[in-house]
Amino acid sequence: MSIFKVIFELFVFYLLYKLVFDFIIPVYNTTKQVKKQFGDMQQNMQEKMKQQQQEQNQYTTKTAATPPPRPKADDYIDYEEIK
């Protein structure tokens, strides 16, 4: 009976070994990699948003600094009602 007990224990240890090294560790590594990639994507999106805000601020300061051009007197056409 003791040989069967040893064989059973070795089989259980083998199954635990396979579970840990073929399932748990790869899942852990994949999860860590996916979290890192999501973090990188979020950081890139935040950088792009900051850059767009800076560009928008530059655009608004440029447009606010220059007054809108006035139409020339020659370009104005009187309104005439058509019946």
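Just above, that's the structure.
Quick notes on the rules
The written sequence of each chain sets the order in which its residues are numbered from 1. Where local features are concerned, this predicted model is filtered to residues with pLDDT of at least 70; where side-chain atom pairs are given and counted, the filter is 80 or more; whole-chain, interface and lining totals use all residues. Note that water and hydrogens are dropped before the side-chain values are worked out from all heavy atoms of the structure. A run of DSSP states H or I qualifies as a helix once it reaches four residues; a run of E qualifies as a strand once it reaches two. Both are numbered from the N-terminal end. The rule is simple: take the accessible area with a 1.4 Å probe, protein chains only, and divide by the maximum for that residue type; under 20% is buried, over 50% is exposed, in between is partly exposed. Under the convention used here, a 1.4 Å probe and the Shrake-Rupley method define accessible areas, while residue burial counts only the protein chains that appear. Should a side-chain nitrogen of Lys or Arg be within 4 Å of a carboxyl oxygen of Asp or Glu, the pair is scored as a salt bridge.

A. Quick look at the overall build of the chain. What the chain contains, in helices and strands, is 1 helix and 0 strands. Looking at the chain as a whole, 0% of its 83 residues are labelled buried. Approximately 9,000 Å² of the chain is accessible, and the part contributed by carbon and sulfur atoms is 62%.

B. Focus on the pattern of salt bridges. One pass over the full model with this rule turns up 2 salt bridges. The shortest N-O distance in the salt bridge between Lys18 and Asp22 comes to 2.8 Å. On the criterion of helical spacing, the pair formed by Lys18 and Asp22 is a turn pair, its members being 4 residues apart in helix α1 (residues 2-65). Assessed through its relative accessible area of 33%, Lys18 is described here as partly exposed.

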